[in-house]
Structure formats: structure tokens, C-alpha cells
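Below, each chain spelled out in residue letters.
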Amino acid sequence: MTRRRSGISADPRDGGDRTVGSDAPPAAAGWPGPQGSDDLVEGLPRMSQKVQGVVARAKGAPVTLETIVVPDPGPGEAVVKVQACGVCHTDLHYREGGINDDFPFLLGHEAAGIVEAVGPGVSEVAPGDYVVLNWRAVCGQCRSCLRGRPQYCFATHNATQKMTLEDGTVLSPALGIGAFVEKTLVAAGQCTKVDPAAPPQVAGLLGCGVMAGLGAAMNTGNVQRGDTVAVIGCGGVGNAAVAGARLVGARRIIAVDIDDRKLGWATDFGATHVVNSSTTDAVEAIRELTDGHGADVVIDAVGRPETYTQAFHARDLAGTVVLVGVPTPDMRLDIPLIDVFGRGGSLKSSWYGDCLPSRDFPTLIELYLQGRLPLDHFVSETIGLGDVEAAFEKMHRGEVLRSVVLL
């Protein structure tokens, strides 16, 4: 083990500069240093790394490529070398101030990579593990976890330490991850091991949007073999819902959108019928395609009052509506309460597809490797860190399902 001088030293193995972290407790005080790192010596403070990442500094401002200081992992934490990260609408919501105003944000969260180092007490992952990052690191102790429902964990956790800019400004990582960056610090529970045979630009998609859509159909909506399903909104999340409905054996899958290009994508993912709601009444079309009854499960992947109202009226009696599209705080819904009572069934929201990463990610990767789940079809293009702003524009115009940053 080689002793390093204080200050900055180039590490040719990872391409990042390393600096002594003045706020870190020395090993002699009970912190032995992260596993997987040979840059720490007993009695010396732990180190930090300097890497490049994408930051939103202010509401609506274009994102910038910045130098990020990443601490070595403390107890319960891991540093992950990011290999790929998808450009998700949630990142754009952060940039636009639609989530909160804790600027600056380190964007990116839909990612896969390799665990580089772990802190004390970490047993679920080790350096060298290939992982998908998740934003549902279950606590195991909340009332939901203790009742055997960890997929609804009410106390998910993130890394305790903070990544910063070079001047010490604390960054808010998107969804507690921050993965448009060469390396990121996360809670070890946010790392889910999967088969490394799946390429990172594919595996990382499960970190958010694709999992949200698949889970909206398979978990929240509980689509069964022989069901009829309608999906309103056929971007990345909606088409993942289409793919999920197909995977579990829905007999009729109706895709609804105002963009014929997106409806074409939906057909590729398994839609049996498509409806362009800019020219056709979506509710009437869905009823006609389901023998006048409405669909067993209707998934709103847009998240607007207009689309939710369509979903509500397009379902069969005792059917299920699943809201997976994210509304804005100002949106309101006006549906007669007697209709809610009279139509029966379930009105559900789907948060992260009600997934349990440790259960769902490995299974879905296995289905992809078997050729049963076309995750690779969601990747419209691969880009670099400097192309994220342009990718936001393409996403806003509906030109891509997913742009994926490769590092």
C-alpha cells in the first residue's frame, strides 16, 4: 500500500484527481477507509475525487459541465463508476424547478455502472459489482417494510455525505443519485446487482422510466393474462407499460397518443391497436375496441387532468386506472363523486412502478437476455456528458424515447 502526500494526485486508473477531504474522520478515529481503495493508509484522512458532471445551477438555465468533488464512501455508502445514464423527464423537471428549488442539482439518476469502493458496514455489494442504481433503497424498519411491503417503503435513504462543486457548494443529487457524472456517491442500498451480460445503456433504463412503465402494468395495474389494457401517452414510460402488458399476456393493448410516430413505437412494443386522440375520441375508441365495455386496466402515462379523465371513463366497470404520469402541483381534477362510487374498481397511483429493485431488476434483465423484453429498443441514441442539454430539447419535441449518456 502506497502512502500519498496531501494535496492533489493524478490516479491513472480512474482518470480522476484525488484530494484529501478535510471533513472526513481519520481511520484512527474508527473509520478504516473504504474497501476497494488503496489510496488510504491507516491514520490518514480519507480522500475525495474530482470528476466531471452535469449541473443545473438555476431554474430554467441551460445545464453546465462542472468539476464535482466526490467523497470516498462512509458507513453504508458506495462510490460507483457510472457507465451509462439515461436522460429522463424527471431531470428536466429538476432543471425547470418542478421538483423543488434546492439548486444546484447534480442531474441524472437512470444509471448503471461498476461499484468502485464501499464504506464500512456494507455487505450487499462489493467493489467490482455491476449494478443498476435505484432510488428506492428500502429501510427495512418503517411500518410498510415491517408489514412485508418493502416496495412501498416510507423511509428510503440516500448517501449521508454530500457531493460538492470545487468551491464547496453542496449539490442536490437528482432523486438522491446524481448520475450524469463520471463517478457518484450513493447509499449502498441504491445499488442493485444485475447480470453484467446486459450492456449498461440497456440495464440503466430500469433505474427509472422503463421500470415505472413496466411496473405500472405488471405491479400496480396487476395486468393478467387475457386482460384488455389501454395506455394513454406513448413516450418512454407509456411504451414500457405497453411492453409490460404484452409480457404478462394481455390479449388487447390499445395505445393512445397525439403523435403518430409514438404510436408507431407503441406498435413495435406490442400494442395491438392505436388511437390518435387528436382526431379521434379516445374514450369512444377504447370502448369500441373492447366490445363496448372499456378496458380492464387503463394507464395514464401523461399525468394531466384531461388524460386522467379519459382513463377514468375508458375503463370497464370494476376496472382499474393507474396514474404513472407525473402531474404538476397546480393541476386539479373534477370528477363527480357518484361516478367514482358507481363505476367501482380501483384508482391507483404508481410510484416507480411499485417496484422492489432487488426483486424486479435482476428478473427483468434476465428476461431481456432471453429475448423476451426488448429493453434495447428504448435507446434512441447514445451521447456524451456535454450533450445533455441538446437531449432535453429532443425529448421535449418527442423525437426520442431515450437518449443515453455513455461514459
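Notes on the structure follow.

Scoring rules and cut-offs
- Residues numbered from 1 in each chain as written.
- Predicted model: local features only at pLDDT ≥ 70, side-chain atom pairs only at ≥ 80, totals over all residues.
- Heavy atoms only, no water.
- Pairing = 2+ DSSP bridges.
- Helix = DSSP H or I, 4+ residues; strand = E, 2+ residues; numbered from the N terminus.
- Axes fitted to C-alpha atoms, helices over the stretch in contact; angles between N-to-C directions.
- Buried < 20%, exposed > 50% of the residue type's maximum accessible area, 1.4 Å probe, protein only.
- Core = buried A, V, L, I, M, F, W, Y, C linked by side-chain atoms within 4.5 Å.
- Contact = heavy atoms within 4.5 Å.

What about the sheet that holds strand 13 (residues 228-232)?
Here is step 1 of the chain: An order of 15-14-13-16-17-18 is seen for the six strands of this open sheet, with the pairing classed as parallel. In this open sheet, the two edge strands, each paired with only one partner strand, are strand 15 (273-276) and strand 18 (346-349). Averaged over all pairs of adjacent strands, the angle between their axes in this sheet comes to 15°, without regard to strand direction.
Here is step 2 of the chain: Where strand 13 and strand 16 (residues 295-300) come together, four bridges link them in parallel fashion. Within strand 16, the residue paired with valine 231 across the bridge is isoleucine 299.

Quick look at unusual backbone geometry
Here is step 1 of the chain: Look at the link from phenylalanine 103 to proline 104: it is a cis peptide, with omega at 0°.
Here is step 2 of the chain: Among the secondary structure elements, proline 104 is positioned in the loop between helix 1 (89-95) and strand 6 (105-106).
Here is step 3 of the chain: The backbone phi angle of aspartate 291 is positive, close to 60°, even though this residue is not glycine.
Here is step 4 of the chain: Mapping aspartate 291 onto the fold places it in the loop between helix 7 (282-288) and strand 16.
Here is step 5 of the chain: Phi at alanine 318 takes a positive value of approximately 65°, unusual for a residue other than glycine.
Here is step 6 of the chain: Along the chain, the position of alanine 318 falls in strand 17 (residues 315-323).
Here is step 7 of the chain: Judged by relative accessible area, alanine 318 falls into the exposed class, the value being 58%.

Let's talk about the nonpolar core
Here is step 1 of the chain: Counting 87 residues, the largest nonpolar core has Leu133, Phe180, Leu206, Leu214 and Ile299 as the members making the most contacts within it.
Here is step 2 of the chain: Top contributing element to this core by residue count: helix 4 (residues 209-220), with six residues.
Here is step 3 of the chain: Residues within four places of isoleucine 299 in sequence aside, it is in contact with Ala216, Ala217, Val229, Ala230, Val231, Ile232, Ala241, Val322 and Val324.
Here is step 4 of the chain: In this structure, Val275, Val283, Phe312 and Ile335 belong to the second largest nonpolar core, which totals 18 residues.

A short note on helix 4
Here is step 1 of the chain: The buried fraction of helix 4 is high, at ten of twelve residues.
Here is step 2 of the chain: Directly after helix 4, the chain includes asparagine 222, whose backbone phi takes a positive value near 50°.

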